[in-house]
Every structure is written in structure tokens, then in C-alpha cells.
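Structural description and commentary
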Amino acid sequence: MSSGTPGHYLIRSERDLSGVRKLLRSQAQLAGLGTLELTKFVAAGSEIARNILKYADLDGASVTVSLIESKLQSGVRAVFVDLGPGIEDLDLALQDGYSTSGSLGIGLPGARRLCDEFSLESEPLKGTTVTLAKWRR
Amino acid sequence: MPHEIVPIIRVGENLLVSLQGDMDDEAVIRLEDQITREVERTRAKGTLIDVSGLAVVDSFIAQVIARIVAMVGLLGSEAVIVGIQPAVAITLVELGIGMEQIHTALNAGKGMELLKRLQT
């Protein structure tokens, strides 16, 4: 798997959300994703960025978006990193309707459904990394 | 004009609101204010909200649109969402947002027909 030119964006406030979405969109376009794949990818990334704004320490939170290629296909990947408190129970956090903040609880499970690849790594007090990937159909 | 987030035009006794591009959260929230003021000021019977130009709809934006529909309803105007793009419809359902309580129509023309039926 090789990466193209990555794009990087800091997530510091709600004002950064449209910048994050713009970056996700432009990289997805470069990867040649169709409208449906692109819309799903941008929406999934937007949900993850919102989670970061809601739960994480905003110092050092960012997303890196790059093109990805395997022998068979090409696509786009977004890696969201934050240095927040971490997620205590990953399985619970991935359940539909579970939320510690009183919100709808669809961010993580919804983003997982919208993407082809999804990984969630978290360490208490150190932070969380969410990786999303979408392949070109 | 601090309250003008989007153009709102009058079509007969109804309002047509067109949402465009990628709206940031602040703009989406201020939209609630702009639309409810305009409904009150014009005493519109119906309000069509055209989302066909909206680049992305995530859970927050979908929730605010649902809230606007509820607010417009409380003011006595029927709200109809029109122009949801197929990719947006699929994305919202996969996210787990059904928008079941909301009147929707394929486009502005169909939305106007629906408004007429709702108003009789």
C-alpha cells in the first residue's frame, strides 16, 4: 500500500469542521471516488471530527488524509488523532445509541457503517486514533 | 445583514429556502433564527426547504433541519424538505437518521404540490 500527497488539518474548534470536510472531499475527489462514496466518506469524517470536538483535548487534535493504493484498488484514508482522555469501553462506544454526552450516539457506529475500513484505537489518558478508508468502486 | 444566511424567496403564500454548499455549524444555527423570523414576518402558510445544493449532511445538520421543521410547524406553517440527493439519502439512512416525521418531496415542484395538499 502506498500513500499519495497527504493533507493535514488541525481540529481546534467547530469552525474547523468545514475545513476538515473540504480536505476530505478534495482528497476523495483526487482518489476518483464517485458521488455516493465521496458523500459517505465526508459524512463519516465529519462525525469523527465532531466526536473529537465533543470529547477530546483539542491541543494536538488533527486529521491526515491521504490517497491509498493496493494492487487491486485505490482509495482514500483519513486518520484522526487526538490526545484526549481516551475511550473507556470501545465496544460500548461502537454501539448504536450509546452516548456519554446525551447525544444521539450515532457518530462512531455510523461512521463505521459508511466506510469500507474502520479502526478505533484508544488508550486511557493518552488519546484516540480513528482511521477511516473508502475504496473507489 | 447579520441574520441573512440564505436567500428566502416568497412564492405565493409560501416561502422557498435554498441551502447551498457546505454550511458551518454557526450558519446552520443562525438559519433557525432567519427562517422562523421570516415565517413570522410573512405569515407564510408553507415553507419549502430545498437541500439539493447542500454538499454534505451529517447527523448535526440533519438534526438542525429536523428542528427547523418542528419550529416552522409550531408557527403554524407546513414545512417540506425537498431535493435530498440520493447519495445524501443513503448516507443519512446508513448513519441511522431516518427523518420519518418529516414531509419530504423529490423536488421543489413536487414539494409545492404536497404543500397544497397539506393546506387543504
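Because the structure is a prediction, the values reported are computed rather than measured.

1. Notes on the environment of Arg 43 of chain B
Turning to its location among the elements, Arg 43 of chain B is positioned in the loop between helix H1 (25-42) and strand S3 (46-54). Since its relative accessible area comes to 67%, Arg 43 of chain B is described here as exposed.

2. Quick look at the interface of chain B and chain A
Chain B puts 21 residues into the contact, and the matching count from chain A is 21 residues. Roughly 1700 Å² is buried in total at the junction of chain B and chain A, and carbon and sulfur atoms are behind 55% of that figure. Arg 50 of chain A is the partner of Asp 25 of chain B in a salt bridge, and the nearest nitrogen-oxygen pair spans 2.7 Å. The tally of links from chain B across to chain A stands at eleven residue pairs in polar contact (both at pLDDT 80 or more). Among the elements of the structure, H1, helix H2 (59-74) and helix H3 (86-95) of chain B are those that each provide at least two residues to the side of chain B that touches chain A.

3. A few points about the sheet that holds strand S5 (residues 104-105) of chain B
Residues and elements named next belong to chain B. Strand order across the open sheet formed by five strands is S1-S2-S3-S4-S5, with mixed pairing between neighbours. With partners counted over all chains shown, the strands left at the sheet margins are strand S1 (8-11) and S5, one partner each. Strands S1, strand S2 (14-21) and S3 of the sheet are contacted by H1, whose axis makes an angle of about 165° with S2.

4. Thoughts on the layout of surface pockets
Roughly 800 Å³ of volume is contained in the largest pocket. The wall of the largest pocket is formed by 37 residues, among which Arg 50, Asn 51, Lys 54, Tyr 55 and Ser 103 of chain A lie closest to the centre. Residue assignment for the lining of the largest pocket shows that the elements contributing at least two residues are helix H2 (35-55), strand S4 (74-82), helix H3 (90-93), helix H4 (107-114) and strand S6 (127-135) of chain A together with H2 of chain B. Considering each element in turn, the lining of the largest pocket owes the most residues, eight residues, to H2 of chain A. For the lining of the largest pocket, the class distribution of residues is 17 nonpolar, eleven polar and nine charged. In this structure, the second largest pocket occupies an estimated 170 Å³ of space. What lines the second largest pocket is simply Leu 104 and Ile 106 of chain A together with Ala 62, Gln 63, Ala 66, Gly 96, Ile 97, Met 99, Glu 100, Gln 101 and Ile 102 of chain B.

5. Regarding the side chain of Lys 40 of chain A
Inspection of the secondary structure assignment puts Lys 40 of chain A in helix H2. A relative accessible area of 9% places Lys 40 of chain A in the buried class. Each residue touching Lys 40 of chain A, except ones within four places of it in the same chain, is listed here: Leu 114 and Lys 134 of chain A together with Ile 90, Thr 91 and Glu 94 of chain B.

6. Regarding the pairing of S4 of chain A
All names here are of chain A. The pairing of strand S3 (residues 62-69) with S4 spans eight bridges and is antiparallel. Of the residues in S4, the one forming a bridge with Leu 67 is Val 76. Pairing between S4 and S6: eight bridges, direction antiparallel. The partner of Gly 75 across the bridge, within S6, is Trp 135.

Calculation criteria
- Residues numbered from 1 in each chain as written.
- Chains lettered and ligands numbered in written order.
- Predicted model: local features only at pLDDT ≥ 70, side-chain atom pairs only at ≥ 80, totals over all residues.
- Heavy atoms only, no water.
- Helix = DSSP H or I, 4+ residues; strand = E, 2+ residues; numbered from the N terminus.
- Buried < 20%, exposed > 50% of the residue type's maximum accessible area, 1.4 Å probe, protein only.
- Contact = heavy atoms within 4.5 Å.
- Buried area = accessible area lost by both parts, 1.4 Å probe.
- Salt bridge = Lys/Arg side-chain N within 4 Å of Asp/Glu carboxyl O.
- Polar contact = N/O pair within 3.5 Å; in protein donor to acceptor, adjacent residues only side chain to side chain.
- Pairing = 2+ DSSP bridges.
- Axes fitted to C-alpha atoms, helices over the stretch in contact; angles between N-to-C directions.
- 1 Å grid on protein atoms, 1.4 Å probe; cavity = no way out; pocket = protein on both sides within 12 Å on 5 of 7 lines; lining within 4 Å.
- Points joined across faces, edges and corners; volume = space filled by probe spheres on them.
- Nonpolar A, V, L, I, M, F, W, Y, C, P; charged D, E, K, R; others polar.

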